[in-house]
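Notes for the structure review
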Amino acid sequence: MKHLKAINAKAGLIERLVTPLEAPATGDEPDVVALQGGGPPQQPQQPHIPLGCSLVFSPGWEADRTGGTAGLCQPVERDLFDCHIGCFWPAHVPDMLNHAPDWTKKCAAAQKDWRKIDIVFP
Amino acid sequence: MTVIEARPHHRFEAAGRPFVYLADSASVFGLDDAAEAVLAALAGGRCSRDELAERLTPVCPAEALDETLAELERVRAIAPVVPTETRPDRPKKVFPLTPFPVSTTVINVTNQCNLGCTYCYEYGDDRIVDTGRNGAPKFMTEETARQSVDFALRESGSNPVAHITFFGGETLLNFRVLKKTVAYARERAAMLGKGVDFSLTTNATLLTDEIIEFLAENEIGVTVSMDGPRDLQNRFRVFHDGRGSYDVVAPKVKALLARHRSRPIGARVTLTAGVLDVRRIYRHLTEEIGFHEVGFAPVTSKDARAWAIDGTGMERVLAEFRALALEWLEAVAAGRHHGFSNVRETLQEIHQGMSKAYPCGAGLGLVGVSTDGQVALCHRFAGSDAHRIGSVDTGIDRVAQREFLERHHIDDKPDCQSCFARPLCAGGCYHEAHTRYGDTTHANLHFCRWVRGWTDVCLRVYAELAERNPAVLARFETTGAAEPVS
């Protein structure tokens, strides 16, 4: 701090807290990575590759030009794979590790074969 | 355009330089010209950045202004004004984690006194408990005293040391029980692997060689209630027949000070109408009597009493306190001892940046036990059913304690919210508020002007000491033993 000088112990604490916010950017600062804020470094810093539907621009996914789903440039069924593969959001797919390892076996390409996906009963 | 306002703070000058005390964090910062100019400009009311830039151009060029504003905002000295409806909810009241350990147990070993000081809160017109009528025994029995010790050791929780303070009435009227209780407490504490520390408050009239020997040998901290030289002491501190107590007390105190060297011994002065000559009292008690420390407190009373201090009297007390605080500063900056304890206590709180949710430890770290073993908020409420929070045999009543903490939090004192002295005062003494307003939750508004004046004096002394001899501040980093009780 340039214009203020910490005098008592509490001011010293505040100074230590705000000083990192004041340092000019050098370009060496680590990237801001979701879910990794605070605390000591948990793992070596690596380039961060954003994943997930909210980070990828994928037009024509939710609705077509008429507002319906008939003319989507990607089939709605792609959601099924994009969410659980790309977006660590597996709640809507069967448990592939334990109970249904083969549920997509007959589905080579989602756009064409989605009707062949097995229905899995828990 | 963003409009900026200053958060509650107090600007002051020490050693020829500007400083600020921030009420939200209880922090003290030194200011440069730009920061000082910004806060001075905002003292007139909120304004926009551009208005500020226009007003401060000569002192503070635009670039420096933005830098200064950013720094002040980071330490929360200023904040952008946001409309009330979008203002984030105030953080919820933070309560101390319970069971909070009791560090000091004040044991009222008797509710009787051999003096009849007219202003006394325990017997005078403003008393809470009519000790003659409420059925509590006049003297605590050995059995209750032992239970009080067990209570103190048990409720001290994880604290390594339990502090026990003996109180009255006149404490030494029950010296027989006190003596046995000290022995019992040492034995019990040793069995539990805990430390135990003793202190007492007395009017000194009953000191004998035997008692002095006992106090010295057992390293019992002693606070003597004494109001000063003969004419002042004898004004209100009188025996029941109206005879002044000075000539009885002075030689006994001198004998105590000559023999008892194991703990610093302090005097506790009650200031009343006509007994306001703080510096004269201080000199007499330290130089002529020989006390190590002297602490002063204005009498607790309703306005109409003959001994109540009026506004002019309080102004005089502040002027006297200021003069004595400056003496303290000169002595301490030069590495000498000075016994004005009021300034030392406040400086310790300023140094640590203490921000109080409650004005004192009553009902939390400190409790008072009445002669029948009821536990109250503090010794001043001992025996009052309305202020009871447990008993020595059943312990602290955690429901009553929680209810007390809920009702007395600083956030519920609207008058205090905009005051810069809030972190140190937190509304002031519950007993004072009860006497004045009949309500312990009330802020002591009659003292506000005085408290702000005194806080200003202490901040100046603190900042000046930080400039002149910062090494001295290290002594304020640890909290000492339990404060004397009055």
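All figures in this text were calculated on a predicted structure; none of them were measured in a lab.

Check the secondary structure of chain A and you find three helices and one strand. Ordered by position from N to C terminus, the α and β elements of chain A give β-α-α-α. Taken over 122 residues, chain A has a buried fraction of 23%. Accessible surface computed for chain A: about 9,600 Å², of which carbon and sulfur atoms make up 61%.

This next bit is on the sheet that holds strand β3 (residues 17–22) of chain B. Strands belonging to one sheet form pairs held by backbone hydrogen bonds; the direction of such a pair is parallel or antiparallel. Judged by pairing direction, the sheet is antiparallel, and its four strands sit side by side in the order β1(A)-β4(B)-β3(B)-β2(B) without closing on themselves. Every interior strand has two partners, whereas the edge strands, β1 (4–6) of chain A together with β2 (9–14) of chain B, have only one. Going across the sheet, the axis of each strand differs from the next one's by a mean of 30 degrees, ignoring polarity. As paired elements, β2(B) and β3(B) share six bridges and run antiparallel to each other. Residue pairing across strands places Phe12(B) opposite Phe19(B), the latter belonging to β3(B). In the packing of helix α1 (residues 9–22) of chain A onto the sheet, the strands contacted are β1 of chain A together with β4 (27–31) of chain B, and the crossing angle to β4(B) comes to about 75 degrees. Packed onto the sheet, helix α15 (residues 448–468) of chain B meets β1 of chain A together with β2, β3 and β4 of chain B and runs at close to 50 degrees relative to β2(B).

What follows concerns the nonpolar core. For soluble globular proteins, nonpolar side chains are generally found buried alongside one another. Residue and element names in this part refer to chain B. Of all hydrophobic cores here, the largest spans 125 residues; its most connected members are Leu271, Phe291, Phe296, Phe340, Trp454 and Leu465. For this core, the element with the highest residue contribution is α15, accounting for eleven residues. Each of domain 1 (3–86) and domain 2 (104–401) contributes no fewer than three residues to this core. In terms of nonpolar packing, the next biggest core, distinct from the first, is built from 27 residues, Phe29, Ala41, Leu52 and Leu69 among them.

Attention now moves to the domain arrangement of chain B. All names here are of chain B. Assigned domains of chain B: these are domain 1 (3–86) and domain 2 (104–401). The gap between the C-alpha centroids of domain 1 and domain 2 is 43 Å. Buried surface at the junction of domain 1 and domain 2, summed over both partners, amounts to about 250 Å²; 55% is from carbon and sulfur atoms. Where domain 1 packs against domain 2, one counts zero salt bridges. At the boundary of domain 1 and domain 2, one finds zero residue pairs in polar contact (both at pLDDT 80 or more). Considering only residue class, the side of domain 1 that touches domain 2 consists of three nonpolar, one polar and no charged.

Moving on, we come to the sheet that holds strand β5 (residues 47–48) of chain B. Residues and elements named next belong to chain B. Strand order in the open sheet formed by three strands is β5-β1-β6, and the pairing between neighbours is antiparallel. What marks the edges here is a single partner per strand, and that holds for β5 and β6 (78–80). Across two bridges, the pairing between strand β1 (residues 3–6) and β5 is antiparallel. Each bridged residue has a counterpart across the sheet, and for isoleucine 4 the counterpart in β5 is cysteine 47.

Our focus in this paragraph is the interface of chain B and chain A. How large an interface is tends to be reported as the accessible area lost when its parts come together. Across the contact, 27 residues belong to chain B and 15 residues belong to chain A. Summed over both partners, the interface of chain B with chain A comes to about 1,700 Å²; 57% of that surface belongs to carbon and sulfur atoms. For chain B, the biggest contributors to the area lost against chain A are Phe29(B), Glu71(B) and Arg74(B); these three give 35% of the whole. Inspection of the chain B/chain A interface yields two salt bridges. Put simply, Lys2(A) and Glu67(B) hold a salt bridge, and the shortest N to O gap is 2.9 Å. At the level of secondary structure, the elements contributing two or more residues to the side of chain B that touches chain A comprise β3, β4, α1 (33–43), α3 (62–74), α11 (341–352) and α15 of chain B. With six residues, the top contributor of residues to the side of chain B that touches chain A is α3(B). A class-by-class count of the residues in the side of chain B that touches chain A yields 13 nonpolar, eight polar and six charged. Two elements, β1(A) and β4(B), share three bridges in a ladder whose sense is antiparallel.

A word on the pairing of strand β15 (residues 388–391) of chain B. Residue and element names in this part refer to chain B. Here three bridges tie strand β14 (residues 374–376) to β15, and the two strands are oriented antiparallel to one another. Each bridged residue has a counterpart across the sheet, and for glutamine 374 the counterpart in β15 is serine 391. Here β15 pairs with strand β16 (residues 395–396) via two bridges, running antiparallel. Its bridge partner being in β16, serine 391 is matched across the sheet by glycine 395.

What follows deals with the side chain of His260(B). Residue and element names in this part refer to chain B. Position of histidine 260 relative to the elements: it lies in the loop between α8 (246–259) and β11 (266–271). Exposure remark for histidine 260: the relative accessible area of 2% places this residue in the buried category. Here the side chain of histidine 260 touches leucine 215 through a polar contact of 3.4 Å, landing on its backbone oxygen. Here isoleucine 220 takes part through its backbone oxygen, which lies 2.7 Å from a polar atom of the side chain of histidine 260.

Definitions and limits used
- Residues numbered from 1 in each chain as written.
- Chains lettered and ligands numbered in written order.
- Predicted model: local features only at pLDDT ≥ 70, side-chain atom pairs only at ≥ 80, totals over all residues.
- Heavy atoms only, no water.
- Helix = DSSP H or I, 4+ residues; strand = E, 2+ residues; numbered from the N terminus.
- Buried < 20%, exposed > 50% of the residue type's maximum accessible area, 1.4 Å probe, protein only.
- Areas by Shrake-Rupley, 256 points an atom, 1.4 Å probe, with all protein chains shown as cover.
- Pairing = 2+ DSSP bridges.
- Axes fitted to C-alpha atoms, helices over the stretch in contact; angles between N-to-C directions.
- Contact = heavy atoms within 4.5 Å.
- Core = buried A, V, L, I, M, F, W, Y, C linked by side-chain atoms within 4.5 Å.
- Domains from an automatic or database assignment.
- Buried area = accessible area lost by both parts, 1.4 Å probe.
- Salt bridge = Lys/Arg side-chain N within 4 Å of Asp/Glu carboxyl O.
- Polar contact = N/O pair within 3.5 Å; in protein donor to acceptor, adjacent residues only side chain to side chain.
- Nonpolar A, V, L, I, M, F, W, Y, C, P; charged D, E, K, R; others polar.

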